[in-house]
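Architecture and fold: a report
Each chain is listed here by its residues.
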Amino acid sequence: SYDKTLRLSNIETGSSIQTICGKGMQLTSIALHPDGEILATANAHQEISLWNIFTGKRFKIFQGEHNCHITALAFNNTGNILATGSASADATIKLWDIKDGDCLLTFSGHSLVIKSIDFSPDDKILATGSADNTIRLWNVDDGKCSQILQNHTDKVSQVAFSPDSKILVSNS
């Protein structure tokens with residue numbers, strides 16, 4: 001966010017119920033954990049933080065694995081893995097174990113910034129959309145690219161799996 005804060009709002013009243021400050025750094029991406037209690041944030045300094053959304057307290061920081069700022073975040077459906085994507089100088093995707101903060105795998109293949117990440121409902125495939133106009137499908141177990149979709153003529157902004165994993169929706 002440009003005001004360097006993250007706000008949780010009550011949809012019914014429109015009021016702010018929690019403000020999480022980004023410690024003076026611009027936040028570049030957010031993802032909500034499947035349990036609804038943990039929020040992941042990324043900032044321009046390659047730092048990933050996990051926050052308790054009810055207390056507003058940060059309880060874990062991952063740092064040092066990307067060479068450029070993080071542009072996309074997504075939890076897998078069980079919530080034990082966080083995927084991160086980075087900008088042009090790096091253009092990698094990393095999988096993190098959220099319990100111990102270890103980087104489990106690094107995926108390389110895109111040539112420009114990663115714009116969007118989504119896990120398939122069974123958590124076996126990771127889809128990434130990039131400013132290189134492609135979508136890549138990755139095997140989560142070994143980090144290998146199984147397919148490159150080149151259906152767009154401009155950067156891919158969003159990717160999302162259907163509940164049955166048979167359709168991948170994307171926009172450019």
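Throughout this description, residue numbers start from 1 for each chain and increase along the sequence as written. This being a predicted model, a pLDDT of at least 70 is required before a residue's local features are given, and a value of 80 or more before pairs of side-chain atoms are given or counted; all residues contribute to the totals for chains, interfaces and linings. Only hydrogens and water are set aside when side-chain values are computed; all heavy atoms of the structure are taken into account.

**A look at the sheet that holds strand E8 (residues 81-86)**
The test is simple: At least two bridges found by DSSP between two strands is the condition for calling them paired. The helix and strand labels rest on DSSP assignments: H or I over at least four residues marks a helix, E over at least two residues marks a strand, and numbering proceeds from the N terminus. Each axis is a line fitted through C-alpha atoms, and for a helix only the stretch in contact is used; angles between axes span 0 to 180 degrees, taken between their N-to-C directions.
As summarised here, the arrangement of the four strands in space is E7-E8-E9-E10, forming an open sheet in which the pairing is antiparallel. Single-partner strands in this sheet number two, and they are strand E7 (70-75) and strand E10 (103-108). Here the average twist between neighbouring strands, direction ignored, is 20°. One ladder, built from five bridges, connects E7 with E8; its direction is antiparallel.

**Focus on the sheet that holds strand E14 (residues 145-149)**
Read from one edge of the open sheet, four strands run E11-E12-E13-E14, paired in antiparallel fashion. Either end of the sheet is taken by a strand with one partner, and the two such strands are strand E11 (114-119) and E14. Each neighbouring strand pair of the sheet contributes to a mean axis angle of 20°, computed without reference to strand direction.

**A short note on the pattern of salt bridges**
Filter applied, for reference: Here, a salt bridge means any side-chain nitrogen of Lys or Arg that lies within 4 Å of a carboxyl oxygen of Asp or Glu. Between buried and exposed lies partly exposed: a residue is buried under 20% and exposed over 50% of the maximum accessible area for its type, with that area taken using a 1.4 Å probe on protein chains only.
Counted according to the given criterion, the structure contains one salt bridge. Residues Glu 47 and Arg 58 are paired through a salt bridge, measuring 3.2 Å at the closest nitrogen-oxygen approach. Separated by 11 residues along the polypeptide, Glu 47 in strand E5 (residues 47-52) and Arg 58 in strand E6 (residues 58-63) bring together distant segments of the chain. What makes Arg 58 partly exposed here is its relative accessible area of 27%.

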